[in-house]
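Here are the chains, one letter per residue:
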Amino acid sequence: MSPFATVAAYTPPGVGMLAVGIVTEVFAPHGASAPGFDLALCTDRPGQVPTDVGVPLTLTHGLDRLAEADLVIALPWAGFRTPPAPAVLDALSAAHERGALVAAHCVGAFALAAAGLLDGRRATTHWRFAGLLAARHPEVSVEADALYVDEGRVVTGAGAAAGFDLCLHLLRREYGAAMANAVARDVVLPSHRDGGQAQYLAAPVPEDCRDERLAEVLAWARQNLHEPLPVAELARRAVMSKRSFARRFTAATGTTPHAWLRSLRLSGAEELLETTDLPVEEIARRVGYGSAAVLREQFVRRRGVPPRSYRRSFTATP
């Protein structure tokens, strides 16, 4: 199946405005490297649609757009405890049956579950309502701590700001890291973050942080990714002990220095694999791995495929 070009976001009455903002921002044009998509917000009945913050949206597209889109996303809504109308469930099922990629953000997963699209599959939703999803749909394997769960043509994402993780994952999966990174930079977000929801309940995982001293160290690390960058060196540059640095780093960013560096190195490797003809050995050196073997081991563990297979996949992707 070719990468998606048209996107239809099902926008029910009571839709979350944060979710609307996420999809319209991610799938908008972001310069030459991410020209944008044909995005439509569609609802049961075109016209004024109330939102969870009381500000109505005027939507002109109905459910017919779900029958045309390559990617269909079910957005969260305030009344998710009541299943959508049968016409909506039929439209979601029909989109899946014809081969569209179907996704759900936050409690939008309840719509996919009601349509039977999550039966026998793993799925996630907002951590607060994961128990309710599991109780109502025991045929679904709910992973409460996942930021997103990719089951091929059905993908679900966690709550609130994790919608960015879901959308960036879809871009990375279908178009490669270069486009996902370009969009992430444009909206000032990390292009990829490891871990589950529980890891981020206390703090988000930004590329930068408000701690000025730490921010300078993070910026220096990005410029020197080819170096080993042990935590002791980062702590020295921050004029802190290793223990104090690790504690402040986690408090400021929501992750550990090791996890942050690993994500940065892998993301850099993805982009070099896609956009250059450099040998894997040279890419490993540039992103700070001691050898191509170490890069391959990390790549397979975290991305599921070896670097050369990843390069072949995205070299042919427009």
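Residues numbered from 1 in each chain as written. Predicted model: local features only at pLDDT ≥ 70, side-chain atom pairs only at ≥ 80, totals over all residues. Heavy atoms only, no water.

**Q** For this particular structure, what's the right way to read the overall build of the chain?
**A** Regarding its fold elements, the chain presents 13 helices and ten strands. Taken against the 2.2 N^0.38 rule, which gives 20 Å for 318 residues, the C-alpha radius of gyration of the chain at 20 Å falls within 12% of a compact globule. Burial status across the chain gives 52% buried among its 318 residues. Restricting to contacts in the chain with at least 6 residues of sequence separation, those with at least 24 account for 65%. Carbon and sulfur atoms form 54% of the exposed surface of the chain, whose accessible area is close to 14100 Å². For the chain, the distance from the average site of its 33 positive side-chain charges to the average site of its 33 negative ones is 7 Å. (Helix = DSSP H or I, 4+ residues; strand = E, 2+ residues; numbered from the N terminus. Rg over C-alpha atoms; globule rule 2.2 N^0.38 Å. Buried < 20%, exposed > 50% of the residue type's maximum accessible area, 1.4 Å probe, protein only. Contact = heavy atoms within 4.5 Å. Areas by Shrake-Rupley, 256 points an atom, 1.4 Å probe, with all protein chains shown as cover. Lys, Arg positive; Asp, Glu negative; His and termini not counted. Charge placed at Lys NZ, Arg CZ, Asp CG, Glu CD.)

**Q** Could you clarify how one ought to interpret the confidence of the model for the chain in this entry?
**A** Caution is warranted with low-pLDDT regions, since their predicted coordinates should not be read in detail. With 92% of its residues at a pLDDT of 70 or more, the chain has an overall mean of 89. Ignoring residues within four places in sequence, the model shows residues 198-208, a span with pLDDT below 50, making 32 contacts including any to other chains. (pLDDT = per-residue confidence, 0-100.)

**Q** It is not clear to me how the packing of helix H6 (residues 177-186) against helix H10 (residues 257-275) should be interpreted in this structure. Could you clarify?
**A** Two numbers describe how H6 lies on H10: the axes approach to 8 Å, and their chain directions differ by 125 degrees. Considering the angle they form, H6 stands oblique to H10. Judged by residue contacts, Ala177, Ala178, Asn181 and Arg185 of H6 engage Ser267, Glu270, Glu271, Glu274 and Thr275 from H10. Broken down by class, the residue content of the contact of H6 with H10 amounts to two nonpolar, three polar and four charged. (Axes fitted to C-alpha atoms, helices over the stretch in contact; angles between N-to-C directions. Parallel < 35°, antiparallel > 145°, perpendicular 65-115°, else oblique. Nonpolar A, V, L, I, M, F, W, Y, C, P; charged D, E, K, R; others polar.)

**Q** What is the right way to read the sheet that holds strand S5 (residues 71-74) from this model?
**A** Adjacent strands of a sheet pair through backbone hydrogen bonds, lying either parallel or antiparallel. As summarised here, the arrangement of the six strands in space is S2-S1-S5-S6-S10-S9, forming an open sheet in which the pairing is mixed. The open sheet terminates on both sides in strands that have one partner only, identified here as strand S2 (38-42) and strand S9 (148-150). Looking at each pair of strands side by side, their axes are set apart by 15 degrees on average, direction ignored. One ladder, built from three bridges, connects S9 with strand S10 (residues 154-157); its direction is antiparallel. Bridged to valine 149 within S10 is threonine 156. Along the sheet, helix H1 (residues 17-26) makes contact with strand S1 (6-10), S2, S5 and strand S6 (101-105), crossing S2 at roughly 160 degrees. Packing against the sheet, helix H5 (residues 162-175) makes contact with S5, S6, S9 and S10, and its axis sits at approximately 160 degrees to S6. (Pairing = 2+ DSSP bridges.)

**Q** Please explain the pairing of S1 as it appears in this structure.
**A** Each regular strand displays side chains that alternate between the two surfaces of the sheet. Counting buried positions along S1 yields four of five residues, so the element is predominantly enclosed. Relative to S2, S1 runs parallel, the two being bridged by five bridges. Across the sheet, the residue bridging to tyrosine 10 is cysteine 42, located in S2. For S1 and S5, the ladder comprises four bridges, and the chain directions are parallel.

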